[in-house]
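# Per-entry structural report
Residues per chain are reported as follows:
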2 protein chains.
Amino acid sequence: MGKILIFGHKNPDTDSIMSALLMEKFDKNLGFDVEAVRLGSINKETKFVLDYLGIEAPRLIERVENDQEVVLVDHNEFTQSVDNIENAKITCVVDHHRICDFKTAEPLYYRAEPLGCTATIMYKKFIEENMEFGKEEAMLMLSAIISDTLLFKSPTCTKEDKSVAEKLAKIADIDVDKYGLDMLKAGTDLSDLTADELIKLDAKEVMLNDVKAQIAQVNTASIPEMMKRKEELEEAIKNTIAERELDIFVLAITDIIESNSQAIVLGNRADLVEKSYDVKLEDNTAFLPGIVSRKKQIIPVLTKNA
Amino acid sequence: MGKILIFGHKNPDTDSIMSALLMEKFDKNLGFDVEAVRLGSINKETKFVLDYLGIEAPRLIERVENDQEVVLVDHNEFTQSVDNIENAKITCVVDHHRICDFKTAEPLYYRAEPLGCTATIMYKKFIEENMEFGKEEAMLMLSAIISDTLLFKSPTCTKEDKSVAEKLAKIADIDVDKYGLDMLKAGTDLSDLTADELIKLDAKEVMLNDVKAQIAQVNTASIPEMMKRKEELEEAIKNTIAERELDIFVLAITDIIESNSQAIVLGNRADLVEKSYDVKLEDNTAFLPGIVSRKKQIIPVLTKNA
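Structure report, in brief.

Rules used throughout
- Residues numbered from 1 in each chain as written.
- Chains lettered and ligands numbered in written order.
- Predicted model: local features only at pLDDT ≥ 70, side-chain atom pairs only at ≥ 80, totals over all residues.
- Heavy atoms only, no water.
- Helix = DSSP H or I, 4+ residues; strand = E, 2+ residues; numbered from the N terminus.
- Rg over C-alpha atoms; globule rule 2.2 N^0.38 Å.
- Buried < 20%, exposed > 50% of the residue type's maximum accessible area, 1.4 Å probe, protein only.
- Contact = heavy atoms within 4.5 Å.
- Pairing = 2+ DSSP bridges.
- Axes fitted to C-alpha atoms, helices over the stretch in contact; angles between N-to-C directions.
- Right-handed = clockwise from strand over helix to strand, strands pointing away.
- Core = buried A, V, L, I, M, F, W, Y, C linked by side-chain atoms within 4.5 Å.
- Lys, Arg positive; Asp, Glu negative; His and termini not counted.
- Salt bridge = Lys/Arg side-chain N within 4 Å of Asp/Glu carboxyl O.
- Polar contact = N/O pair within 3.5 Å; in protein donor to acceptor, adjacent residues only side chain to side chain.
- Buried area = accessible area lost by both parts, 1.4 Å probe.
- Nonpolar A, V, L, I, M, F, W, Y, C, P; charged D, E, K, R; others polar.
- Phe/Tyr/Trp six-rings, centres within 6.5 Å; stacked < 30°, edge-to-face > 60°.
- Lys NZ or Arg CZ within 6 Å of the ring centre and 35° of its normal.

When its secondary structure is counted, chain A shows 11 helices and 11 strands. Whereas a compact globule of 306 residues would reach a radius of gyration of roughly 19 Å, chain A reaches 19 Å, a difference of no more than 12%. Counting only C-alpha atoms and orienting by the principal axes, one finds that chain A spans roughly 60 × 45 × 35 Å. Counting all 306 residues of chain A, 58% fall into the buried class. Across chain A, contacts joining residues at least 24 apart in sequence account for 63% of those joining residues at least 6 apart.

Turning our eyes to something else, we now look at the sheet that holds strand 11 (residues 285-288) of chain A. Residues and elements named next belong to chain A. Strand order in the open sheet made by the 5 strands is 7-8-9-10-11, with mixed pairing throughout. Pairing within the sheet leaves two strands with one partner each, and these edge strands are strand 7 (203-208) and strand 11. Neighbour-to-neighbour, the strand axes of this sheet turn through a mean angle of 25°, independent of strand direction. Bridge analysis of strand 7 against strand 8 (residues 211-220) gives 6 bridges, and the strand direction is antiparallel. Each residue of the ladder has a partner; that of Glu-205, found in strand 8, is Gln-214. Of the strands in this sheet, strand 7, strand 8, strand 9 (248-255), strand 10 (260-266) and strand 11 are in contact with helix 9 (residues 230-244), which crosses strand 10 at around 55°.

What the 12 strands build is an open sheet, ordered 3(A)-2(A)-1(A)-4(A)-5(A)-6(A)-6(B)-5(B)-4(B)-1(B)-2(B)-3(B); its pairing is mixed. Sheet topology places strand 3 (59-60) of chain A together with strand 3 (59-60) of chain B at the edges, where each strand pairs with a single neighbour. Sheet analysis places strand 2 (residues 34-38) of chain B next to strand 3 of chain B, joined by 2 bridges and oriented parallel. Note on strand 3 of chain B: the bridge partner recorded for Arg38(B) is Leu60(B). Taken strand by strand, helix 1 (residues 14-29) of chain A contacts strand 1 (4-7), strand 2 (34-38), strand 4 (69-73) and strand 5 (89-95) of chain A, and its axis lies near 175° from that of strand 2 of chain A. Packing of helix 3 (residues 118-128) of chain B onto the sheet brings it into contact with strand 4 (69-73), strand 5 (89-95) and strand 6 (109-112) of chain B, and relative to strand 5 of chain B it is tilted by some 100°.

This paragraph deals with the pairing of strand 2 of chain A. All names here are of chain A. Of all 5 residues in strand 2, 5 are buried, a share of seventy percent or more. Burial along strand 2 is two-sided: the face carrying Val-34, Ala-36 and Arg-38 and the face carrying Glu-35 and Val-37 are both buried. Two elements, strand 1 and strand 2, share 3 bridges in a ladder whose sense is parallel. When the sheet's bridge partners are listed, Ile-6 is paired in strand 2 with Ala-36. As for the winding sense of the linkage, the β-α-β connection from strand 1 through helix 1 to strand 2 is right-handed. In this fold, the crossover linking strand 2 to strand 3 by way of helix 2 (residues 44-53) has right-handed handedness.

The next thing to look at is the nonpolar core. Core analysis: the largest hydrophobic core is formed by 52 residues, its most contacted members being Met23(A), Leu142(A) and Leu168(A). Ranked by the residues each element gives to this core, the list is headed by helix 4 (residues 135-149) of chain A, at 8 residues. Beyond its immediate chain neighbours, meaning those up to four positions away, Met23(A) contacts Ile6(A), Val71(A), Val73(A), Cys92(A), Val94(A), Met122(A) and Lys125(A). Within the second largest apolar cluster, 51 residues are counted, among which are Leu21(B), Met23(B), Val164(B) and Tyr179(B).

All names here are of chain A. Following the sequence through the fold, Asp-255 ends up in strand 9. The buried charged residue Asp-255 lacks any salt bridge partner; its closest oppositely charged side chain belongs to Lys-153, at an N-O distance of 6.9 Å. A distance of 2.9 Å separates a polar atom in the side chain of Asp-255 from the backbone nitrogen of Glu-258. Not counting the four nearest positions on each side in its chain, Asp-255 is found in contact with Thr-220, Ala-221, Ile-223 and Asn-260.

What follows is about the interface of chain A and chain B. Taken residue by residue, the interface counts 19 residues in chain A and 20 residues in chain B. For chain A, the biggest contributors to the area lost against chain B are Arg98(A), Ile99(A) and Pro107(A); these three give 30% of the whole. At the boundary of chain A and chain B, one finds 4 residue pairs in polar contact (both at pLDDT 80 or more). The element contributing the most residues to the side of chain A that touches chain B is strand 6 (residues 109-112) of chain A, with 4 residues. The residue makeup of the side of chain A that touches chain B, split by class, is 10 nonpolar, 3 polar and 6 charged. Summarising the sheet, strand 6 of chain A and strand 6 of chain B pair through 3 bridges and their orientation is antiparallel. Looking at the pairing, Arg111(A) lines up with Arg111(B) of strand 6 of chain B.

Turning next to the packing of aromatic side chains. Applying the stated criterion to the full structure yields 17 aromatic pairs over all chains. Ring geometry for Phe48(B) against Tyr52(B): centres 6.5 Å apart, planes inclined by 25°, an arrangement best described as stacked. In this pair, Phe48(B) and Tyr52(B) both sit in helix 2 (residues 44-53), 4 residues apart, roughly one turn of the helix. Its relative accessible area of 24% is what places Phe48(B) among the partly exposed residues. Given the relative accessible area of 47%, Tyr52(B) is considered partly exposed. Put simply, the rings of Phe78(A), Phe102(A), Tyr110(A), Phe78(B), Phe102(B) and Tyr110(B) touch in pairs and so form one group of aromatic residues. Just above the ring of Phe152(A) sits the side chain of Lys162(A); from NZ or CZ to the centre is 5.2 Å.

Residues and elements named next belong to chain A. At Asp-278, a residue that is not glycine, the phi angle is positive and equals roughly 50°. With relative accessibility at 73%, the residue Asp-278 sits in the exposed group. Positive phi, close to 70°, is recorded for Asn-284, a residue that is not glycine. Structurally, Asn-284 can be placed in the loop between helix 10 (271-277) and strand 11. Taking the relative accessible area as the measure of exposure, Asn-284 reaches 27% and is therefore partly exposed.

In C-alpha cells form, the structure reads like this:
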C-alpha cells in the first residue's frame, strides 16, 4: 500500500492548497504515510503565500489509480475532484461546502462545518488533538481564511473564522490587513492570462433549475483596469456559451478593495441577472454593488429567479 | 420556525433511538429548540433500555413538511430516512455509515467517523464540548454501543468503542456483561411478531451499484429456532420483493452468542450472495460463519460483486 494522497479541488484556490498541506502535517504527526498533492496550477495568490513561507507547491496529479487511498479537503463533489475518484478509497473528507454528487462504499471520517474556510476546521482539528503548531502552520491557516473570506468581507465569513484568524495572527505575529491585502492583490495580477484563461480561472458550471449556467469570478483591485479587456472577454465567453451550450454566462469581476462586482453577462437568459438584481444590462454589463460571494449572493439569487 | 427535529433511521434500532435522545440533550444544553423523534416502532431491545431507565420513547413521525429543519443521527441515506427528506433542511448529521444517496443544497455540519456506533461519537461530542453528563446519558451511550457491537464481538467494534464503553460502565456503575446480555436477549424475543414484522424489524434498503436490495437482520440466541419459521419468512420476503421491486432480499439471522449468521436469500440477483461468500444457496438459504455485521461484512462484499 502506497502513500495516502491528500488534495483539494480542481482549479485549486489558496484554501485547497493550504488545507492539503495542513492535513499532511496533521496526519504525519499522527504517524500516517501521506502526501499532499494538487489537481491544477498554483494561482498567483497561492504562489505569494508559498513564496512568503519559502515552501514548495505540492506535486501535480491528474488521476488516481483504482483503490488508491485518498483524503479530500475543501471539496466533496466528484465533478470537482481527481479523475477516477469513483474508484478510489476515500478515507477522510474535511470540507465546508454542500454535499452533493458524493458517495462511498464504506464508512469514513467526514467532517464538514458551515464555516467560511476549510482551514478554520483544520485549526480546530489541531486544537482538539492538542497538536502543537508554529508560525508556518498559522500562516497556512490564516492565508486560506483571508483568501476564502476576502479579508473577512465576504458574507460567507463567520464569527468563528474571524476569531480563529485573530488567534492565528497573534501566533504568526503579523499585520493581517497589510499581509492580507498584499496577498489578495498578488492574486489579481492576471495580465499574463489570455481572455479564455481568465474566464476559466475560477468558473463553475451549475444548473439554475433548468437553466444551464456558468458563473465565473475574477478578483481585481481595479474594475476599470479589467474592463479594458471587455471585448476579448466577451469573445471568449461567447465561444464558451457555444461550446458548452449554455443559457447564460456570468463573469463577476470582483473588486476586493471596495467589495463590489461588475458583471459581464451573455446568453439567451441574460435577463436573469436583470431580474435578480433589478438592474439593466447595458452593453452586456452591469454594476452589482456589495456582491462578492458566488456561493451566497449569486447562485441562490439567480436560482430563485430561474 | 418550529422545533428542529432529530431522528435516526427507519426501523430504528437502539443506536438510532439512543443517539437521537443524546443529541436532543446535547443541543438543548447549547440552547437549541429541538425534539428527538423516531421513524418507526421501538424494538424489544430498545424497550428494555427505556424501561430500565424509566424514560419515554420519542414521538413517532412519518413525514416532515417542506423546509423543516432536521438533524439526522445514525444514517444519511435518504431511502432510510423520513418521507419528504428531499425537501427538508438538513442542518446536521452525526453518523458512522458510508455516505450514499445524500445531498444538500447548502453547507451543513456533518460528522461521520468509522466507529462501531453513533453514540460513541456522541460521547466524544459531549467530552469535546466539556458538557457534563450523568448515569442516564452514560447508560444511553453504553446501551447503543453494546447493541451495535453485539457486546463488542462484531468486527465493527473498534478499540475506541471498547474504551469509551469501559469509561461509561464506570460512570453508570454497572456490570456490562450481565446488563448487555440481558439487553441483547430481550431483543431476541420475537415470538409475537408476524413474519412480515420480523423481516421489517431491521431492514435497510440499499443500492448495491445498480442492484436494488434490502438487507434485513434479526438477532437470535438460536438459529434453528428462528429457521422453524422459514416458510412464512420466505412468503413475506417474496411480497416485499414484489412491492418494492427489489432485485435481491437478504435476511441475515444472526446468532449473537456464537457470532454466525444464517442467510435467507431471494430475488433474481440471489446469485450475489453465492458469489460473495463462495457458498451454494440450498432451498434459498446458506450458513455464513463469522458474519455478523451488515455494514462491514455484507453490504461492501455484495457491492463488490454487484
